[in-house]
Amino acid sequence: MKHASKPFPQSGRRSFDVIVIGAGAAGMMCAATAGLRGRSVLLVDHATRLAEKIRISGGGRCNFTNRRVSADNYLSRNPHFSRSALSRYGARDFIELVEHHGIAYHERDWGQLFCDDSAQDIIDMLRARCDDGGVEWAMPATVEGIARSGDEAERFVVATTQGSFSAHSLVIASGGLAIPKIGATPFGYRVAEQFGLPVVAPRPALVPLTLPPETLALLAPLAGISLEVEAQCRGPVFREAALVTHRGLSGPSILQVSSYWQQQAYEAGDWAPVSLDLLPGIDAEDWLLAHAQDKTLLANLLAERLPRRFAHAWCELHDWQRPLNQYRHAELRTIAAALSGWQLTPSGTQGYAKAEVTLGGVDTRALSSKTLEAREVPGLYFIGEVVNVTGHLGGYNFQWAWSSGVACGLAA
């Protein structure tokens, strides 16, 4: 569905209380919240199709929040930054909004909530909320420039391809760099830099990892094989599926741990590898030692608990291709340690094209955690993915969009 904007005069300048740039999850939530409290709001977006990232999320059903949301589910240089907004507008609040609008939903593993029918239900709900708040639209409209004015009532002037507008408050909700094919740009970071706000260098997050050639040579032919693992890299342990791909590893556990692997770019010292427990919940050492006298190949024993082709490729990768009874107990303990903590150093990621979200963004030290306002630039706000707050996979990033959007909408 395309949303045509209301006609604005090309000459002269219209004034609003709030201009929100970016009509995605955070932007629409903020605009609706501000409008419903009586503020005049203009929502600007360069896209021709509304909220495409919501539309494609969750396989088209939008994993719109998670029942288990807490500040512990977010990566940021300030791990406590998200706490204020999340505590004032949490998962339960958004669920109530969804229920109020009659949207049917269901729960999957780990507290993830999805629409029964379509992500379009969430988009329509947000659009209706904006309409209820009297929000006006300039879409599609490209922002050509932003400037501060000397007028306290109209502190910001925004020049667009649909005309020039002014506002007392300006909200940047333009998202990050993930999924450029649907319009992701560095616009928000450039605005932050224009006004002197620091930006933590963005990196792809929740993204498939690539592997070095020597590892990939043996694993790439197994593309499509999935297995349950426990993945970790200087952070929490994620027990979910891993998927072998032609370029490396993907699947929920890998996407989760990729954010922590990437987070090391902001820290001093060597990068830790990704650690995978291939036999979660099993004492690998006890199991192998119990079979120490078997004449079967190690790979064939592993195939009892791992996909057969994967078990054989993994043993070939480590040159462990003898029968079990030809290994000393010390060697079996070494193999068990590798099974419980296979250390992989990725060669990189598959980039923003395959990333779910962006790590990094506008530095939280420059923003109020209560309102998302820039500390040194009164009236300028940053919300959603453009901020250096990145959630786990499973509805957490949408909840940050809702929570930061409401926090800003109540203040702008």
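Predicted model only: the values in this text are computed from it and were never measured.

1. As for the side chain of S82
(1) Moving on: Topologically, S82 is positioned in the loop between β4 (74–75) and α3 (83–88).
(2) Moving on: Residues contacting S82, with those up to four places away along its chain left out, are A71, Y74, V389 and W400.

2. Quick notes on unusual backbone geometry
(1) Moving on: Across the junction of M139 and P140, the peptide omega takes the value 0 degrees, indicating a cis bond.
(2) Moving on: One non-glycine residue with positive phi stands out, namely L372, at about 70 degrees.
(3) Moving on: The topology assignment puts L372 in the loop between β19 (357–362) and β20 (380–382).

3. Notes on the pairing of β19
Along any regular strand, the residues point their side chains to alternate faces of the sheet.
(1) Moving on: Counting buried residues along β19, six of its six residues qualify, which places the element largely inside the surrounding structure.
(2) Moving on: As paired strands, strand β11 (residues 199–205) and β19 are joined by five bridges and run antiparallel to one another. Counted as the bridge partner of V199 is V362 from β19.

4. Overview of the packing of helix α1 (residues 25–36) against helix α13 (residues 396–409)
(1) Moving on: Contact geometry for α1 and α13: axes closest at 7 Å, N-to-C directions at 30 degrees. If you check the angle between α1 and α13, you find them roughly parallel. At the point where α1 passes α13, the crossing takes the right-handed sense. Counted together, A25, A26, M29, C30, T33 and A34 of α1 and F398, A401, W402, S404, G405, V406, C408 and G409 of α13 form the full contact between these two elements.
(2) Moving on: Here the residues of the contact of α1 with α13 sort into ten nonpolar, four polar and no charged.

5. A word on the pairing of strand β9 (residues 156–160)
(1) Moving on: Most of β9 sits out of view: four of its five residues are buried.
(2) Moving on: Two elements, strand β8 (residues 143–148) and β9, share five bridges in a ladder whose sense is antiparallel. When the bridges of β9 are listed, G145 appears paired with A159.
(3) Moving on: Where β9 meets strand β10 (residues 163–172), five bridges bridge the pair, whose relative direction is antiparallel. When the sheet's bridge partners are listed, A159 is paired in β10 with S164.
(4) Moving on: Here β9 folds back onto β10 in antiparallel fashion, the turn holding two residues.

6. Notes on the nonpolar core
(1) Moving on: I54, I122, F382 and W402 are the most contacted members of the largest nonpolar core, which totals 85 residues.
(2) Moving on: Discounting chain neighbours no more than four positions away, the residues touching W402 are A25, M29, I54, F64, Y89, F94, I122 and L126.
(3) Moving on: By size, the runner-up hydrophobic cluster in this structure holds 47 residues, among which are L211, L216, V229 and L306.

7. Describing the sheet that holds strand β6 (residues 112–115)
Strand pairing in a sheet takes place through backbone hydrogen bonds and is either antiparallel or parallel in direction.
(1) Moving on: Strand order in the open sheet formed by three strands is β3-β6-β5, and the pairing between neighbours is antiparallel. Strands with a single pairing partner mark the edges of an open sheet, and in this sheet they are β3 (63–66) and β5 (105–107). Averaged over all adjacent pairs, the angle separating strand axes in this sheet is 25 degrees, with direction ignored.
(2) Moving on: Bridging between β5 and β6 involves three bridges; their strand directions are antiparallel. When the bridges of β6 are listed, H106 appears paired with F114.
(3) Moving on: Here helix α4 (residues 91–100) sits on the sheet and contacts β3, β5 and β6; the angle it forms with β3, its principal contact strand, is near 140 degrees.

8. Digging into the sheet that holds strand β15 (residues 248–250)
(1) Moving on: A sheet is described by the order of its strands in space; here seven strands give the open sequence β17-β16-β13-β14-β15-β12-β18, paired in antiparallel fashion. Two strands in the sheet have a free side with no partner beyond their single neighbour: β17 (342–344) and β18 (348–349).
(2) Moving on: Sheet analysis places strand β14 (residues 238–244) next to β15, joined by two bridges and oriented antiparallel. By the bridge assignment for β15, L243 is matched with S250.

9. A short note on the pattern of salt bridges
(1) Moving on: In the structure shown here, the tally under the stated rule is 17 salt bridges.
(2) Moving on: Across the salt bridge formed by E136 and R14, the nearest N and O atoms sit 2.9 Å from each other. Of this pair, E136 sits in strand β7 (residues 136–138) while R14 is found in strand β1 (residues 13–21), placing the two residues 122 residues apart along the sequence.
(3) Moving on: Judged by relative accessible area, which is 16%, E136 ranks as buried.
(4) Moving on: Using a relative accessible area of 28% as the deciding quantity, one classes R14 as partly exposed.
(5) Moving on: The partner of R127 in a salt bridge is D131, with the nearest N and O atoms 3.4 Å apart. Pair noted here: R127 and D131 are both in helix α5 (residues 120–132), with a separation of four residues, about one helical turn.

Here is what the cut-offs are and how they apply
- Residues numbered from 1 in each chain as written.
- Predicted model: local features only at pLDDT ≥ 70, side-chain atom pairs only at ≥ 80, totals over all residues.
- Heavy atoms only, no water.
- Helix = DSSP H or I, 4+ residues; strand = E, 2+ residues; numbered from the N terminus.
- Contact = heavy atoms within 4.5 Å.
- Buried < 20%, exposed > 50% of the residue type's maximum accessible area, 1.4 Å probe, protein only.
- Pairing = 2+ DSSP bridges.
- Axes fitted to C-alpha atoms, helices over the stretch in contact; angles between N-to-C directions.
- Parallel < 35°, antiparallel > 145°, perpendicular 65-115°, else oblique.
- Left-handed = near helix turned anticlockwise from the far one by under 90°.
- Nonpolar A, V, L, I, M, F, W, Y, C, P; charged D, E, K, R; others polar.
- Core = buried A, V, L, I, M, F, W, Y, C linked by side-chain atoms within 4.5 Å.
- Salt bridge = Lys/Arg side-chain N within 4 Å of Asp/Glu carboxyl O.

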